[in-house]
Amino acid sequence: MPRVVHRTARVALRVTPGQRRRCFGLLRSAGDVWACVLEVNAWRRRRRDGPLVGYQELCRELSGSGPGTFAELDTTAARSVLRRFSDAWFAAAKRRSAGDLSARFPRRRRGLVPVRWYHGTFTLDGRRVRIPTAKGAAPLWVRLAREVPYPVEQVRSVTLLCEGGRLFLDVTAEVPVAVYPPGQEPDPARVAGVDVGIIHPYAVAGPDGEGLLVSGRAIRAEHRMHLADTKARRRGVARRAPKPGEKGSRRWRQYRRRARLVEGRHRRRVRQAQHEAARSVVSWAVGQRVGVLHVGDPRGVLDLPAGRRHNLRLRQWQIHRLLQVLTDKATLAGITVHLVDERGTSSTCPACHQRVPKPRGRTLSCPHCAFSGHRDLVAAASIATRVPGGGSTTPAAVVLPEVVTHRRAGRHLPGAGRSRRDPRRPPRAARGSVGPRRPAPPIGGGESLAPKARIHNTHCKPGER
């Protein structure tokens, strides 16, 4: 039996006003279920009883509430909310038992909570999906914006959610792992190192002196320009913003709705660019027959305070999502991923193993042995030699890439051209320009090619020209 992995695709919904109202009603009813669980546990805490967090215990409480308590929300969707709460509670308890006191139990109410239906409870017919509702309610059919990228027999669950004021459906399917012809499958003996960064989301150093650099400057520019646009909009509406406790006007509600739509669009653009970057890495690894990826885990830097600006860059980096996307795509391609310690890989010379000061650019230059190389590729080559679960030492010799392949992530972003470094920012030649540039005069002198300008003498007497 072939190996299978679970993959999820997000598809937008095209609904009528009535269907939109019913879908949001389901999400609000799921929020009511979440609030009821929080209220029940608050009562139990006041009575000094144990919390009610087990999935089976919560399902028994739900069955005792009776039908029709949560409007059109059916039992399967309500149980998916209980499963989400139970998983969140036990995950926080596990982190706290391991010594992480920053982990918090779920005690905050939510207005809209995603709901999930499993195989056999929904109907998928091309671009139409029948969402289950409570007994006695009218059937709810919605239309998808595009075809589901998986066969119908592989779909195992659908999840209704809201992001940026828009409705989406997450479709989860069991996809078999890729099968290759004999002699072309990934070789477990061929190992490549992956360095995760901001300017280059993925820098890969593989065997045989091959390397890959995926540029993420378009993603970084999207974050910068989105932040600048958000600040400009807030400054523009600061005067007409309602006071705390004051009811907003219709114009203010329209502005808030527009802001949510823009924020959701920005998140979708960045997410698509991250998937493109991971796809480039996996395609390159399959072409090189790489069977194992050693990925440096830089999440430890998130615990270090680095100032207001750099902390924002680290949050926009989205390290966990980059690692998760790469792991999912590599697993589907039959490639094994191991997280290793990446400490010191970008600041240690691979030739003399001496500490190197952090460079201003991308070139690492060693003042001890005059070694020079690309900083991210040097880090990826060092990561490839590290043992999963080991320390920050490099036990084997580092093989630096000699042939480097360059890829770009985020070509769909606004203004991302082939040679543009900062998308959506006008080029230097167009700033302040009033027309096409005139050709320069000949090098040896001579008359200008520009047409004669007519000079108006303002000191003439009236009637004279």
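These figures come from a predicted structure and were not determined experimentally.

Engineer: How would you explain the overall build of the protein chain if you had to name every residue and give the values?
Structural biologist: If you tally the helices and strands in the protein chain, you get 8 helices and 15 strands. Considering only contacts in the protein chain between residues 6 or more positions apart, those separated by 24 or more positions represent 67%. Here the protein chain has roughly 28300 Å² of accessible surface; of this, 51% comes from carbon and sulfur atoms.

Engineer: Hey, could you go over the side chain of Arg7 for me, with residue numbers and the actual values?
Structural biologist: Among the structural elements, Arg7 can be located in strand S1 (residues 4–14). No salt bridge is formed by the buried Arg7; its nearest oppositely charged neighbour, Asp328, is found at 5.7 Å. The contact partners of Arg7, leaving out residues within four places of it in the chain, are Tyr150, Val171, Thr172, Ala173, Val175, Lys329 and Leu332.

Engineer: How would you summarise a positive patch on the surface if you had to cite specific residues and measurements?
Structural biologist: Judged by side-chain charge, Arg20, Arg256, Arg257, Arg258, Arg260 and Arg265 come together as a positively charged surface patch. For the positive patch, the element with the most residues is helix H5 (residues 250–287), which contributes 5 residues. Within the fold, Arg257 resides in helix H5.

Engineer: Just give me the short version of the pattern of salt bridges, but keep the residues and values in it.
Structural biologist: All told, the structure shown has 14 salt bridges when counted by the stated rule. A salt bridge links Glu39 to Arg109; the shortest N-O distance between them is 2.8 Å. With Glu39 in helix H1 (residues 17–46) and Arg109 in the loop between helix H3 (75–97) and strand S2 (115–118), this residue pair connects regions lying 70 residues apart in the sequence. Residue classification places Arg109 among the exposed positions, given a relative accessible area of 52%. In this structure, the salt-bridge partner of Asp49 is Arg47, at a minimum N-O distance of 3.2 Å. Exposure remark for Asp49: the relative accessible area of 35% places this residue in the partly exposed category. Taken together, the salt bridges that share partners define one network made up of Arg10, Glu163, Asp170 and Arg271.

Engineer: Report on unusual backbone geometry, specifying residues and quantitative values.
Structural biologist: The backbone phi angle of Asp208 is positive, close to 60°, even though this residue is not glycine. Take Asp208: it is sitting in the loop between strand S9 (202–205) and strand S10 (210–215). Classification of Asp208 by relative accessible area gives exposed; the value is 59%. Of note in this structure, Gln318 is not a glycine but carries a positive phi near 55°.

Engineer: Account for the pairing of strand S7 (residues 166–176), with residues named and values stated.
Structural biologist: Burial of S7 is extensive: 8 of the 11 residues sit out of reach of the surface. Relative to S7, S1 is paired through 9 bridges, and the arrangement is antiparallel. Looking at the pairing, Val4 lines up with Pro176 of S7. Pairing of strand S6 (residues 155–163) with S7, which is carried by 8 bridges, proceeds in the antiparallel orientation. Directly across from Ser157, in S7, lies its bridge partner Thr172.

Engineer: Quick rundown of the sheet that holds S9? Include the residues and the values.
Structural biologist: Here 6 strands make up an open sheet; going across it, the order is S12-S11-S8-S9-S10-S15 and the pairing mixed. Because the sheet does not close on itself, it has two edges, and the strands there are strand S12 (336–341) and strand S15 (403–408). Pairs of neighbouring strands in the sheet enclose a mean axial angle of 25°, with direction left out of account. Pairing of S10 with S15, which is carried by 6 bridges, proceeds in the parallel orientation. Residue pairing across strands places Leu213 opposite His406, the latter belonging to S15.

Engineer: Describe the confidence of the model for the protein chain, with residues and values.
Structural biologist: In low-pLDDT segments, the atomic positions of the prediction should not be examined closely. Averaged over every residue, the pLDDT of the protein chain is 84; residues scoring 70 or more account for 87%. Counting contacts from residues 419–423, a segment whose pLDDT is below 50, to residues more than four positions away or on other chains yields 14 contacts. For the stretch residues 445–463, pLDDT sits under 50, and the model shows 6 contacts to residues farther than four places along the chain or on other chains.

How each quantity is defined
- Residues numbered from 1 in each chain as written.
- Predicted model: local features only at pLDDT ≥ 70, side-chain atom pairs only at ≥ 80, totals over all residues.
- Heavy atoms only, no water.
- Helix = DSSP H or I, 4+ residues; strand = E, 2+ residues; numbered from the N terminus.
- Contact = heavy atoms within 4.5 Å.
- Areas by Shrake-Rupley, 256 points an atom, 1.4 Å probe, with all protein chains shown as cover.
- Buried < 20%, exposed > 50% of the residue type's maximum accessible area, 1.4 Å probe, protein only.
- Lys, Arg positive; Asp, Glu negative; His and termini not counted.
- Salt bridge = Lys/Arg side-chain N within 4 Å of Asp/Glu carboxyl O.
- Patch = residues over 30% accessible without salt bridge, like charges linked within 9 Å, V, L, I, M, F, W, Y side chains within 5 Å.
- Charge placed at Lys NZ, Arg CZ, Asp CG, Glu CD.
- Pairing = 2+ DSSP bridges.
- Axes fitted to C-alpha atoms, helices over the stretch in contact; angles between N-to-C directions.
- pLDDT = per-residue confidence, 0-100.

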